[in-house]
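Take a look at the letters that make up each chain.
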Amino acid sequence: MLHFFLLSGAGGLCNNWRMIARYSIVFIALLFAFCTTAHAARLDVSRLTQDGEFSATFGFAFKSGKNKSGTSRTNWRAGRIDDTGVELDYTFADDWTVSFSNSNDYSDAQIGMKYKIIKTFPLKLDVMADYGFAFTKNADTDRRIGNNNVDGGFRVHGVAWGDFQWAFKVTGQYVWADPFDFWNLHLTGELMYYFMKKYAAIIKYQYDFSQINKPGEVQHSAATAGMVYNMSDRASVHPYLKYHFKTTDTHSRRRAYDDYWKLGIEFSVQF
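Note that the coordinates shown come from a computational prediction; the quantities given were computed from them, not determined experimentally. (Residues numbered from 1 in each chain as written. Predicted model: local features only at pLDDT ≥ 70, side-chain atom pairs only at ≥ 80, totals over all residues. Heavy atoms only, no water.)

1. So, the overall build of the chain
To keep things clear, this is the line we draw: Helix and strand labels come from DSSP, where a helix needs a run of H or I of at least four residues and a strand needs a run of E of at least two; each type is numbered from the N terminus. Values of accessible area rely on a 1.4 Å probe in the Shrake-Rupley scheme; residue burial ignores everything except the protein chains shown.
Looking only at helices and strands, the chain features 1 helix and 15 strands. Surface exposure of the chain reaches about 14400 Å², of which carbon and sulfur atoms provide 62%.

Dropping the structure here:
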């Protein structure tokens, strides 16, 4: 859920890494300073899963905007259903979580593992790794559709002022592709605020660097805003609105006509 950087030389690469490191440290330090206690709903961004817990998250989004050829598609009725995702998680031995998801940009599905390094207030930290496998093939050519890939990273999360929750995630991804492989880097920040006992507002910002070691590296970004309603201690619903900004080519600085809106809803159930 992501994307080392500009191909303008080693100096530019180091400068970008220093910039990300500085911003990441400042972001984490500011949030850490205000950490207190958290809610315990399934869709909370700072929630810790418990030993023996099995949960399922699923949903869909309706997409509308512009396509890469520049053709406008601003009428919602002219859009399409997109991101009909499913994620299954099971936590065992308290600190380990295994997962299955079909939300992968390059392959049919992925399996993953997450481990809790720090799980006490005021700060929590997880490390994770996933493998996306592309097993679908074209029936005529027997050519594989999609690309196998692997990713790994960390997620630091916590709470602020009792009702605010936050999370910051960094993931590096390696994709086996034809004619040659490439790297991605994904950065994600989330904020969540409980303005009532069962209702919370949530916002998210994603910035991805794609095809880092290939000519024509591109940068993606997207912002999401929505609501979370906890119907019970074990079930939640999350309607949201997402905007994907135009993709930027880091060499030519050209921006593609691929900006779009997504109106979606996500459901989560804990068993």
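Now that the structure has been shown, the text picks up again.
2. A look at the environment of His186
For clarity, the cut-off: Only protein chains enter the accessibility calculation, which uses a 1.4 Å probe. A residue is then buried if its area is under 20% of the maximum for its type, exposed if over 50%, and partly exposed in between. Any pair of N or O atoms that falls within 3.5 Å is considered a polar contact. Within protein, one atom must be able to donate a hydrogen and the other to accept it, and sequence-neighbouring residues count only if both atoms are side-chain atoms.
Turning to its location among the elements, His186 is positioned in strand S10 (residues 182–194). Among the residues examined, His186 registers a relative accessible area of 3% and is labelled buried. There is a polar contact of 3.2 Å between the side chain of His186 and the side chain of Asp208.

3. Looking at the packing of aromatic side chains
To keep things clear, this is the line we draw: Ring pairs are drawn from Phe, Tyr and Trp, using the six-membered ring of Trp, whenever the two centres fall within 6.5 Å, and their geometry is named by plane angle: stacked under 30 degrees, edge-to-face over 60, tilted for the rest.
A full pass over the atoms with the stated rule returns 16 aromatic pairs. Each ring, one from Phe58 and one from Phe267, has its centre 5.6 Å from the other, and the planes form 25°; the classification is stacked. Note that Phe58 is positioned in strand S1 (residues 54–66) and Phe267 in strand S15 (residues 260–270), a separation of 209 residues in sequence. Using a relative accessible area of 27% as the deciding quantity, one classes Phe267 as partly exposed. Pairing Trp96 with Tyr115 gives two aromatic rings, centres 4.5 Å apart and planes at 40°, and the pair type is tilted. In this pair, Trp96 is assigned in strand S5 (residues 96–101) and Tyr115 in strand S6 (residues 109–120), connecting sequence segments 19 residues apart. Take Trp96: its relative accessible area is 35%, and that puts it in the partly exposed class. Residue Tyr115 is classed as partly exposed on the basis of its relative accessible area of 29%. Taken together, the aromatic side chains of Tyr131, Phe133 and Phe135 make up a single cluster linked through ring pairs.

4. Description of the pairing of strand S7 (residues 123–133)
Rule in force here: When DSSP finds two or more bridges between a pair of strands, those strands are recorded as paired.
Where S6 meets S7, 11 bridges bridge the pair, whose relative direction is antiparallel. Paired with Gly112 across the bridge in S7 is Asp130. What sits between S6 and S7 in their antiparallel hairpin is a turn of 2 residues. Both S7 and strand S8 (residues 149–160) contribute to a ladder of 10 bridges, which runs antiparallel. Within S8, the position partnered with Asp130 by the bridge is Asp151.

5. Some thoughts on the confidence of the model for the chain
Stated precisely, the cut-off is as follows: Known as pLDDT, the predictor's confidence for each residue is given on a scale from 0 to 100. Only heavy atoms matter for contacts: two residues are in contact if any of them lie within 4.5 Å across the pair.
Scored by pLDDT, the chain comes out at a mean of 80, with 77% of its residues at no less than 70. Contacts of residues 1–38 to residues separated by more than four positions or lying in other chains number 75 contacts, the stretch itself having pLDDT below 50.

6. Considering the pattern of salt bridges
Quick note on the threshold: Salt-bridge detection follows one rule: a side-chain nitrogen of Lys or Arg within 4 Å of a carboxyl oxygen of Asp or Glu.
As enumerated under the stated definition, the model contains 4 salt bridges in all. For Asp95, the salt bridge goes to Lys119, with nearest N and O atoms at 2.6 Å. Taken together, the residues Asp95 in the loop between strand S4 (86–92) and S5 and Lys119 in strand S6 connect sequence positions 24 residues apart. A relative accessible area of 17% means that Asp95 is categorised as buried. Classification of Lys119 as partly exposed rests on a relative accessible area of 33%. Across the salt bridge formed by Arg143 and Asp178, the nearest N and O atoms sit 3.1 Å from each other.

7. Some words on the nonpolar core
Rules: We call a set of buried residues a nonpolar core when its members are Ala, Val, Leu, Ile, Met, Phe, Trp, Tyr or Cys and they connect through side-chain atoms within 4.5 Å of each other.
The biggest cluster of nonpolar side chains holds 9 residues, and these are Leu123, Val156, Trp166, Phe168, Val170, Leu185, Leu187, Phe209 and Ile212. Secondary structure elements with two or more residues in this core: strand S9 (164–175) and S10. Among the elements that take part in this core, S9 stands out by supplying 3 residues, more than any other. In this structure, Leu43, Ala200, Ile202 and Val228 belong to the second largest nonpolar core, which totals 8 residues.

8. Digging into the environment of Arg42
If you trace the backbone, Arg42 turns up in the loop between helix H1 (10–32) and S1. The exposure class of Arg42 is buried, given its relative accessible area of 12%. Sequence-wise, Arg42 and Val237 are 195 residues apart; in three dimensions their C-alpha atoms are separated by 9.6 Å. Look past the residues within four positions of Arg42 in its chain and what remains in contact with it is Arg47, Glu53, Ser55, Thr57, Asp89, Ser236, Ser268 and Gln270.

9. Let's talk about the pairing of strand S12 (residues 218–230)
Looking down a regular strand, the side chains alternate between one sheet face and the other. Pairing of strand S11 (residues 199–210) with S12, which is carried by 12 bridges, proceeds in the antiparallel orientation. By the bridge assignment for S12, Ala200 is matched with Val228. When S12 meets strand S14 (residues 248–249), the two strands line up antiparallel, connected through 2 bridges. Note that in S14 the partner of Val218 across the bridge is Asp249. Pairing of S12 with strand S13 (residues 235–244), which is carried by 7 bridges, proceeds in the antiparallel orientation. Pairing of Asn230 across the sheet is with Ser236, part of S13. Connecting the antiparallel pair S12 and S13 is a turn made up of 4 residues.

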